Amino acid sequence: MAITGIDTELAKSYLERGQLVAIPTETVYGLAGNALDQQAVLSIFEVKNRPSFDPLIVHIDSFEKLEGVVADMQEQARLLAEAFWPGPLTLLLPKNPDIPDLVTSGLDTVAVRVPNHPLTLALLGSLDFPLAAPSANPFGYISPTQAKHVETQLGDKIPYILDGGEAGVGIESTIIGFPEGMPLVYRLGGLAIEEIEKVIGPVQYLPHSTSNPQAPGMLKSHYAPRKPFQLQEKVDQATLSSDAPTGYLLFDKYLDEVPIEYQRVLSPEGNLLQAAHNLFSYLRELDAMDVQEIRAEMVPDTGLGRAINDRLRRAAAH
Ligand code: AMP
Ligand code: MG
């Protein structure tokens, strides 16, 4: 069983021995291993039951360490890194040959970011290698935003969980790449596209698909609860389920007709940052409830709302 604690020295000693440690970030908890150690990287895929065609994100603690991870840096990428690191933005850049192909699923680009969490930054600063870390959940399930989420699902497979409290942002990083020199968002996430556009101008967004050879890992069905999950534009009285006990994931208002314990409201104030922060833990709570299905409604499709709706759609595609 994993030990949960705040001992970065202990976390370091496991990582130096090629073992895996769950790490807190501002987005979601990561399942981390030495990115330069093939064996460690292989065990990340095994522990998560993740297909090898779904590449990992490499984590570093400073801009200076980019050199060991990427082969080349565009001007736009540099501007974004300066503006948003540490933070929920992942850059896709040409890969340094030192990064094993396993990390990038054979692609010639590597995904890299500086996470914004004091414990993990301290840990990364003490290591002489970068950490490869996907989200610390079994492949396809809801991402973990608390140490106890990791404990429940991967606790018997890893030695240590570094407990950094609740993930502040609560939703995965925004991923941006520069194919043919043009900025392209591969995944909506914790940094709104509007913020990116303030720095580098208009960017395109690549919608996900079930099999997109250009963007391995952008699987449509993802982030899914185990219970049947239905997504609607809006849940109101007319669309309530009459038969089976149902749990509801709502944006800003409770339903009068449904017992309160079957409802989770993402943000009573209608705040999208708060909604993102609560999304995955509320989905887990609903999944653990004594209900037969979950119904969710979309949130306003602007700012972080776009990333939230993206996750809801993927959960519904399961
Ligand atoms: P996770 O950390 O679990 O959110 O997964 C990392 C995600 O990053 C993958 O599922 C991919 O969508 C994306 N990713 C990582 N590396 C690349 C890459 N080289 N090209 C495109 N997408 C990538
Ligand atoms: Mg993931």
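Quick notes on the rules
- Residues numbered from 1 in each chain as written.
- Chains lettered and ligands numbered in written order.
- Predicted model: local features only at pLDDT ≥ 70, side-chain atom pairs only at ≥ 80, totals over all residues.
- Heavy atoms only, no water.
- 1 Å grid on protein atoms, 1.4 Å probe; cavity = no way out; pocket = protein on both sides within 12 Å on 5 of 7 lines; lining within 4 Å.
- Points joined across faces, edges and corners; volume = space filled by probe spheres on them.
- Nonpolar A, V, L, I, M, F, W, Y, C, P; charged D, E, K, R; others polar.
- Helix = DSSP H or I, 4+ residues; strand = E, 2+ residues; numbered from the N terminus.
- Buried < 20%, exposed > 50% of the residue type's maximum accessible area, 1.4 Å probe, protein only.
- Pairing = 2+ DSSP bridges.
- Contact = heavy atoms within 4.5 Å.
- Core = buried A, V, L, I, M, F, W, Y, C linked by side-chain atoms within 4.5 Å.
- Arc of directions from axis to C-beta.
- Axes fitted to C-alpha atoms, helices over the stretch in contact; angles between N-to-C directions.

Colleague: For this particular structure, what's the right way to read the layout of surface pockets?
Modeller: Over the atoms, a rolling probe the size of a water molecule traces out where space has been left empty. Here the second largest pocket is characterised by a volume of approximately 170 Å³. In terms of lining, the second largest pocket is formed by 13 residues, of which the most central are Ile-60, Lys-65, Asp-128, Phe-129 and Pro-130. Among the residues making up the lining of the second largest pocket, the classes are represented as 7 nonpolar, 2 polar and 4 charged.

Colleague: Help me understand empty space enclosed by the protein in this model?
Modeller: The tally for this structure, following the rule as stated, stands at 1 cavity of 30 Å³ or more. Each pocket or cavity is described by its volume, and for the largest cavity that value is around 50 Å³. Around the largest cavity, the lining residues are Leu-188, Gly-189, Leu-191, Ala-192, Ile-193, Glu-194, Gly-303, Arg-306 and Ala-307. For the lining of the largest cavity, the secondary-structure elements that each account for two or more residues are α7 (193-200) and α9 (304-316).

Colleague: What's the story with the pairing of strand β3 (residues 30-34) in this structure? I'm lost.
Modeller: The side chains of a regular strand alternate, first on one face of the sheet and then on the other. Counted residue by residue, β3 has 5 buried out of 5 residues, so it is predominantly covered. The antiparallel pairing of strand β2 (residues 21-23) with β3 creates a hairpin that spans 6 residues between the two strands. Across 2 bridges, the pairing between β3 and strand β7 (residues 131-132) is antiparallel. In the strand pairing of β7, Asn-34 is matched with Leu-131.

Colleague: Where do I start with the side chain of Thr-104 in this structure?
Modeller: Here Thr-104 shows up in helix α4 (residues 101-104). Residue Thr-104 is classed as buried on the basis of its relative accessible area, which comes to 2%. Discounting residues that sit within four places of it in the chain, Thr-104 has contacts with Pro-55, Lys-95, Ile-99, Thr-109 and Val-110.

Colleague: Help me understand the nonpolar core in this model?
Modeller: Most often, soluble globular proteins have nonpolar side chains that are buried together. Residues Leu-91 and Ile-176 are the most contacted members of the largest nonpolar core, which totals 74 residues. The dominant element in this core, judged by the number of residues it contributes, is helix α8 (residues 272-288), at 8 residues. Excluding residues within four positions of it along the chain, Ile-176 makes contact with Leu-80, Leu-89, Thr-90, Leu-91, Leu-92, Pro-183, Leu-184, Val-185, Tyr-186, Ile-196, Ile-200 and Val-203. Of all hydrophobic cores here, the second largest spans 14 residues; its members include Ala-11, Val-21, Ala-32 and Leu-123.

Colleague: Please explain α7 as it appears in this structure.
Modeller: Residues that lie three or four places apart on an α-helix share one face, since the helix turns once every 3.6 residues. Burial in α7 covers these residues: Ile-193, Ile-196 and Ile-200. Each buried residue of α7 lies within a common arc of 60° when the element is viewed along its axis, so the set occupies one face. In this structure, the buried residues of α7 make contact with α3 (75-84), β5 (89-94), β9 (174-177), β10 (184-187), β11 (204-205) and α9. Count one or two residues on from α7 and you reach Gly-201, which has phi positive near 85°.

Colleague: Looking at this model, I keep getting lost on the sheet that holds strand β4 (residues 57-59). Mind explaining?
Modeller: Strands pair in a sheet through their backbones, by hydrogen bonds, and they do so in one of two ways: parallel or antiparallel. The strand order β1-β8-β2-β3-β7-β4-β6-β5-β9-β10-β11 describes an open sheet built from 11 strands, whose pairing is mixed. In this open sheet, the two strands that pair with only one neighbour each are β1 (3-5) and β11. Judged from the 2 bridges that link them, β10 and β11 form a sheet pairing that is parallel. Its bridge partner lying in β11, Val-185 is registered against Tyr-205. Of the strands in this sheet, β1, β2, β3, β7 and β8 (160-162) are in contact with helix α1 (residues 8-16), which crosses β8 at around 135°. Sheet contacts for helix α6 (residues 147-154): β1, β2, β3 and β8; angle to β8, the most-contacted strand, approximately 165°.

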